[in-house]
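As a plain string of letters, each chain reads:
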Amino acid sequence: MQIAERTIGDLTILDVKGPIAEGDGDDEFRDAVNRLVERGRLLVLLNLAEVPHIDSTGLGVLASKYVTLRRRGGQLKLCILRQRTRRVLETTKLIKIFEVFDTEAEAVRSF
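Residues numbered from 1 in each chain as written. Predicted model: local features only at pLDDT ≥ 70, side-chain atom pairs only at ≥ 80, totals over all residues. Heavy atoms only, no water.

### Examining the overall build of the chain
For step 1, the next point in the chain: Looking only at helices and strands, the chain has four helices and five strands in total.
For step 2, the next point in the chain: What you see in the chain, going N to C, is helices and strands ordered as β-β-α-β-α-β-α-β-α.
For step 3, the next point in the chain: By principal-axis analysis of the C-alpha atoms, the chain measures approximately 30 × 30 × 25 Å.
For step 4, the next point in the chain: Of all 111 residues assigned to the chain, the portion counted as buried reaches 40%.
For step 5, the next point in the chain: Sequence separation of 24 or more characterises 72% of the internal contacts of the chain that already satisfy a separation of 6 or more.
For step 6, the next point in the chain: Accessible area of the chain: about 5,900 Å², with a carbon and sulfur share of 44%. (Helix = DSSP H or I, 4+ residues; strand = E, 2+ residues; numbered from the N terminus. Buried < 20%, exposed > 50% of the residue type's maximum accessible area, 1.4 Å probe, protein only. Contact = heavy atoms within 4.5 Å. Areas by Shrake-Rupley, 256 points an atom, 1.4 Å probe, with all protein chains shown as cover.)

Here it is, written out as structure tokens:
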């Protein structure tokens, strides 16, 4: 997995490339968000355009980091989900918890 970090003011955009799955990106994703929290970067947008799939472990990490940021007064939002990723979020009902946007521009404006 590769994670590129960009900032727009107080917002950090993480461009995630690769699966978020057990043993295949889950630790890297968790560590990336933890580093942001340590630096006080609490507004996070995940660009998931290059994420082919998320498994149950990846969903757990995603939900955990959502809670971590919320408890500190931050936000975690998602944009540009592939069909397979969107289906997983819909099936698990997590799509109702996360704010999801079709474009990065819409997501950035929402902050």
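### Some points on the pairing of strand E2 (residues 11–17)
For step 1, the next point in the chain: Among the seven residues in E2, five count as buried, and that is most of the element.
For step 2, the next point in the chain: As paired strands, strand E1 (residues 2–8) and E2 are joined by seven bridges and run antiparallel to one another. In the sheet register, Glu 5 faces E2, and the bridge partner there is Leu 14.
For step 3, the next point in the chain: Taking the residues between adjacent antiparallel strands as the criterion, E1 and E2 are bridged by two residues, where Gly 9 takes a positive phi near 60°.
For step 4, the next point in the chain: Looking at chain direction, E2 and strand E3 (residues 43–50) are connected through six bridges and run parallel. Pairing of Ile 13 across the sheet is with Leu 45, part of E3. (Pairing = 2+ DSSP bridges.)

### With respect to the pattern of salt bridges
For step 1, the next point in the chain: Inspection of every chain in the model, using the stated rule, returns seven salt bridges.
For step 2, the next point in the chain: Linking Glu 104 and Arg 6 is a salt bridge whose minimum nitrogen-to-oxygen distance equals 2.6 Å. Within this pair, whereas Glu 104 is found in helix H4 (residues 104–110), its partner Arg 6 is found in strand E1, the two being separated by 98 residues in sequence.
For step 3, the next point in the chain: Notably, a salt bridge pairs Glu 99 with Lys 77, separated by 3.6 Å at the nearest N-O pair. Within this pair, whereas Glu 99 is found in strand E5 (residues 99–101), its partner Lys 77 is found in strand E4 (residues 75–79), the two being separated by 22 residues in sequence.
For step 4, the next point in the chain: Relative accessible area serves as the criterion here: at 40%, Glu 99 is assigned to the partly exposed category.
For step 5, the next point in the chain: Counted as one network, the salt bridges with shared partners bring together Arg 6, Asp 15 and Glu 104. (Salt bridge = Lys/Arg side-chain N within 4 Å of Asp/Glu carboxyl O.)

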